[in-house]
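Spelled out, the chains give:
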Amino acid sequence: MSGLLSTVLFVLVFVVLYQIGKASDYAATIRGEAESRKQANKALAILMCITFIFGMIGIWACHNYFKDMLLPISASESGREYDKMYSVTIVVTGIVFFITQTLLFWFTYKYQASENRTAFFFAHSNQLEALWTTVPALAMAVLVAIGLKNWFTVTSVAPPNAAVVEVVGKQFNWIIRYPGKDNELGKRDFRKIDDANNVLGMDWTDPHNADDIISQSGELHLIVGKPVKLLIGSRDVIHDVGLSHFRLKMDAVPGITTTMWFTPTITTDSMKRLTHNADFVYEISCDQMCGKGHYSMRGTVIVETETEYNKWMASQKAYYVANATPAAPTEPTKPAVLPTDSTHKAPGITKN
Amino acid sequence: MTNEAVLKDDAAVAHDAHHADHHDHEHHEQHFIWKYIFSQDHKIISKQFIITGMIWAIIGALMSVFFRLQLGFPNSTFPIMEKFLGDWAKGGKLSAEFYYGLITMHGTILVFFVLTAGLSGTFANLLIPLQVGARDMASPFMNMLSYWFFFLSSILMLVSLFVTTGPASGGWTTYPPLSALKEASMGSGVGMDLWLLSMALFVVSSLLGGLNYIVTILNMRTKGMTMTRMPLTVWALLFTAVLGVLSFPVLFSGFVLLIFDRNFGTSFYLSEIFIGGKALPHIGGSAILYQHLFWFLGHPEVYIIMLPGMGMASEVLSTHSRKPIFGYFAMILSLIGITLLAFLVWAHHMFVTGMSPFLGGIFVLLTLLIAVPSAVKVFNWLTTIWKGNIRLNPPMMFAIGFVSLFISGGLTGLFLGNSALDIHLHDTYFVVAHFHIVMGVSAFFGMFAGIYHWFPKMYGRYMNNTLGYIHFFITFIGAYLIFWPMHYEGIAGMPRRYYDFSAWESFKHFGEINVFISIVALIVFFGQLMFVVNFFMSIFYGKKLTTPNPWGANSLEWTTPINPGHGNWPGEIPEVHRWPYDYKDDGNGNDFIPQVTPLRPGEESH
């Protein structure tokens, strides 16, 4: 019933608007085309002006509405630089935005058609054109310079003392692997993957794998103040490790290992206090369309002190201990063409 | 081919297009099918493109209404959706799979079918022959094929909406492996095959059209129409066609490889994948290769969408300000600059794919460089209306709106093109806001300006002005209300292509604003329906033109009769003596001098 009513209402509004349109056309013919065009022109110039003023008020209101809903201070060192660069860019673009929009609407109002005015024949001016080629070019040069400096810092080689953690995406969750006591991640091969007891396809012949710890709940534990390098991979389709609180993002591509390093600077607990939100948690969002569960592919980051981290680490069991049977895993019969000793960076050779 | 030869094949061309010395026995009516359906008249083909484009626009926009309902009201049900979508929205709740199908089709339809075929197809067909002074396209037959390939492509895409496993649902970019593996997603089944076939046909259509446009502009200009006397619309359409001809084949090759990976066991894009409980035999492919091939078209595509709007806005702003376009040559040079750079910036869509940071740096530089010609265009448009005598009719309002939106959307490109900022903003709502404003709404405004401006030429009638104004304000204000807040959501890291945010601590507090956006989107959608009604009613009932040149414009299309037949000009094609922007006193009290008017003694050519 309500569906029918709203349809009727909708059609009615439509018909009324259409009739207004028609009627105003007839009215214009009766009143005289020129006269009504003049009046319409004046009214529209004023309306454009009002639109502009309300638009500016709207921007201010929108800004106020969102002010306290945006991300808190960046939780990584590079993120601080990001925020600064963001501010510079917003100032530069903001100035251009306000000047050009103001001119656009002001000209529209000021130079509305009038019988007394003749348009000024002004076809070109080399000086003006040179001016507004060089000024944007210079502004761009500044933005590019700041951008490249930050870009090359963010993408630089991780410091040698950085912890290494592997993050692997699959439809639709994150698997985190820590290197364990030996600080080495063992080899893995996608052909050894078994969802029951070897989610990452770790090669049990590699002793480095024996102490590796896997979190299938997508919980990434990090030590505050210590650089960490993420080795990012995917089991199936392209995913993306999105860390908005750290202002970072990197794709997880099957067949390729990507990396990203950063230094977390604020623990989860401090952030809870900073944001006055007891439920605060750093989240890993998947930022590359990966299928029907894309929106639910959530991981978390726990940034903690070294003591807390060690305590948590001590409570974890190595994945091998929990899953691999002591008897050598029976190698499933695979086509002979597949090399049996390849690491996860398998060379691209197959005979078929 | 000469202008007269073009029409020779078309046996039943309208009589009045021929020279006066032709005999009466050639005068016979064309059959309906040849005149309106398999027509080779560029004006009819342009109408076919615009009407097909409008049907697609309504379908694509309706899809956005459905998924905006889901985003705004994730916990409500809308039984009406079940009527439209059947099992995909059981009980009035959109399924996640179909949500992704809808966003994919929304993107594909709007980008390719509406803003490429519907925009270029319509205006290149309508304006190129009329504005350069040609009887028709260089090859009217190829031109007809261009439309019918588009039509076939449309049918396939439409069919894909109705297959059991749903339409393609990997996003309009359809990145493999998601789009390559049937196990990865339901939409990667038959729906994806149909999508690829449809797009392959679309590329054929686009190439047939584009080659024709280029040849027509280069070879078929009337006497006196030098390249530098062409209106900026023609320049813009020329570069649009060049972009399409050079980049669509690359996209095609990308699709062919994807078809092979999907059906014939190759590994171009696939490597080391474990899915559906088993490891696949593919090794050595690169998923990133597809992205390079895709974006090599994908980025020029943005300019394929923008350039026609830029050209039409230039023309409309100049005509209705009663002033010449400011910096005609700078406008052409900036078009050339944009065209060249468009081919060199594609990888800015891929900053976070793990590609070499050095390469990323190069693409930052080239991407931000493109801001320079864009800025020149904006300042030239502003100077064009400065000290003008501005007639605020619907085309002019939309052209002003175009400039406003182009500024807003262009500036946010400076954030995304700078890799150090993109690393946070990539694939968030900031991107959604950016490209919807600049290549979505702004391009639409260019298109609306063109439709309101040239409707009298197409149908010999006016569209209703009052409805045009209502349409303008609803769309202009609505577009800003929808997309402005999205920037903030994106700055807060809110990812795009999410079906539901309620499980996320970081994003769930935007529920209220998502409701607001959805409601405005609904209103704007109905506003567009009003435009559609205005368009079709005006074809039949609009006020009739009484003069062939209603706007007092200079360019050649307004020297044709009110309802030109095939061949455009009865008798000889007029000769051109001046550039199209001589908006000045002609000595008889008019404020414009058409291109066909010879230079007065002592008057200098532009």
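Keep in mind the model is a prediction, meaning the values are calculated, not measured.

Draft legend 1. Quick peek at the sheet that holds strand S2 (residues 173–178) of chain A. Residues and elements named next belong to chain A. The 5 strands lie next to each other as S3-S2-S1-S5-S8, forming an open sheet whose pairing is mixed. Since the sheet does not close on itself, it has two edges, and those belong to strand S3 (213–215) and strand S8 (258–262), each with one partner. Taking each pair of neighbouring strands and ignoring which way they run, the sheet shows an average axis angle of 25 degrees. As judged from the 7 bridges shared by strand S1 (residues 163–170) and strand S5 (residues 228–234), these two strands associate in the parallel manner.

Draft legend 2. Here's a closer look at the packing of aromatic side chains. A full pass over the atoms with the stated rule returns 93 aromatic pairs over all chains. Between B:Phe49 and B:Tyr147, the aromatic rings sit 5.3 Å apart at their centres with planes inclined by 85 degrees, giving edge-to-face as the arrangement. Of this pair, B:Phe49 sits in helix H3 (residues 42–72) while B:Tyr147 sits in helix H6 (residues 140–160); the two residues are 98 residues apart in sequence, bridging distant segments of the chain. In this pair, the class of B:Phe49 matches that of B:Tyr147, namely buried. A centroid spacing of 6.0 Å and a plane angle of 5 degrees characterise the contact between B:Phe402 and B:Phe406, whose relative ring orientation is stacked. Of this pair, B:Phe402 and B:Phe406 both sit in helix H13 (residues 394–416), 4 residues apart, roughly one helical turn. When sorted by exposure, B:Phe402 lands in the same class as B:Phe406, which is buried. Looking at B:Lys47, its charged tip hangs above the ring of B:Tyr459, at a distance of 4.7 Å from the centre. The positively charged end of B:Lys387 is found above the aromatic ring belonging to A:Phe120, 5.3 Å away from the centroid.

Draft legend 3. Region of interest: a nonpolar patch on the surface. On the surface, A:Ile46, A:Leu47, A:Ile50, A:Ile53, A:Phe54, A:Ile57, A:Trp60 and A:Tyr109 cluster together to form a nonpolar patch covering roughly 810 Å² of accessible area. Tracing the chain through its elements places A:Ile50 in helix H2 (residues 33–66).

Draft legend 4. Region of interest: the nonpolar core. Judged by nonpolar contacts, the single largest core of 273 residues is most densely connected at A:Leu230, A:Leu243, B:Trp381 and B:Phe535. Here the element with the most residues in this core is helix H5 (residues 96–132) of chain B; it accounts for 23 residues. Filtering out sequence-adjacent residues up to four positions away, B:Trp381 remains in contact with B:Met310, B:Ser314, B:Leu317, B:Ile325, B:Met331, B:Phe402, B:Val403 and B:Phe406. By size, the runner-up hydrophobic cluster in this structure holds 8 residues, among which are A:Val199, A:Leu200, A:Trp204 and A:Tyr319.

Draft legend 5. Spotlight on the packing of H2(A) against helix H16 (residues 465–491) of chain B. Packing of H2(A) against H16(B) brings their axes to within 11 Å, and their N-to-C directions diverge by 20 degrees. By the criterion of interaxial angle, the relationship of H2(A) to H16(B) is roughly parallel. The two elements H2(A) and H16(B) cross, and the hand of that crossing is right-handed. Across the interface between the two elements, A:Leu44, A:Leu47, A:Met48, A:Thr51, A:Ile59, A:Cys62, A:His63 and A:Phe66 of H2(A) pack against B:Tyr469, B:Phe472, B:Phe473, B:Phe476, B:Ile477, B:Trp484, B:Pro485, B:Tyr488 and B:Glu489 of H16(B). Residues belonging to the contact of H2(A) with H16(B) are distributed by class as follows: 14 nonpolar, 2 polar and 1 charged.

Draft legend 6. The domain arrangement of chain A, seen in detail. Residues and elements named next belong to chain A. When the domains of chain A are assigned, the result is domain 1 (8–70), domain 2 (74–113 + 129–156) and domain 3 (163–323). Once you take the C-alpha centre of each, domain 2 and domain 3 turn out to be 36 Å apart. With 12 residues of domain 2 at the interface, the matching set in domain 3 holds 12 residues. Taken as a group, Ala-75, Ser-76 and Glu-77 account for 47% of the area that domain 2 buries against domain 3, more than any other trio of residues on that side. Linking domain 2 to domain 3 there are 1 salt bridge. Among the ionic pairs, Asp-83 bridges to Arg-247, the shortest N-O distance being 2.9 Å. Connecting domain 2 to domain 3 are 6 residue pairs in polar contact (both at pLDDT 80 or more).

Draft legend 7. Looking closely at helix H6 (residues 306–314) of chain A. Residues and elements named next belong to chain A. The set of residues buried in H6 consists of Tyr-309, Trp-312 and Met-313. Buried residues along H6 cover an arc of 100 degrees about the axis, so they all sit on one side. Of the residues in H6, the exposed ones pointing more than 90 degrees away from the buried face are Thr-307, Lys-311 and Ala-314. If you follow the buried residues of H6, they end up packed against S2, S3, strand S4 (219–223) and strand S10 (298–304).

Definitions and cut-offs
- Residues numbered from 1 in each chain as written.
- Chains lettered and ligands numbered in written order.
- Predicted model: local features only at pLDDT ≥ 70, side-chain atom pairs only at ≥ 80, totals over all residues.
- Heavy atoms only, no water.
- Pairing = 2+ DSSP bridges.
- Helix = DSSP H or I, 4+ residues; strand = E, 2+ residues; numbered from the N terminus.
- Axes fitted to C-alpha atoms, helices over the stretch in contact; angles between N-to-C directions.
- Phe/Tyr/Trp six-rings, centres within 6.5 Å; stacked < 30°, edge-to-face > 60°.
- Buried < 20%, exposed > 50% of the residue type's maximum accessible area, 1.4 Å probe, protein only.
- Lys NZ or Arg CZ within 6 Å of the ring centre and 35° of its normal.
- Patch = residues over 30% accessible without salt bridge, like charges linked within 9 Å, V, L, I, M, F, W, Y side chains within 5 Å.
- Areas by Shrake-Rupley, 256 points an atom, 1.4 Å probe, with all protein chains shown as cover.
- Salt bridge = Lys/Arg side-chain N within 4 Å of Asp/Glu carboxyl O.
- Core = buried A, V, L, I, M, F, W, Y, C linked by side-chain atoms within 4.5 Å.
- Contact = heavy atoms within 4.5 Å.
- Parallel < 35°, antiparallel > 145°, perpendicular 65-115°, else oblique.
- Left-handed = near helix turned anticlockwise from the far one by under 90°.
- Nonpolar A, V, L, I, M, F, W, Y, C, P; charged D, E, K, R; others polar.
- Domains from an automatic or database assignment.
- Buried area = accessible area lost by both parts, 1.4 Å probe.
- Polar contact = N/O pair within 3.5 Å; in protein donor to acceptor, adjacent residues only side chain to side chain.
- Arc of directions from axis to C-beta.

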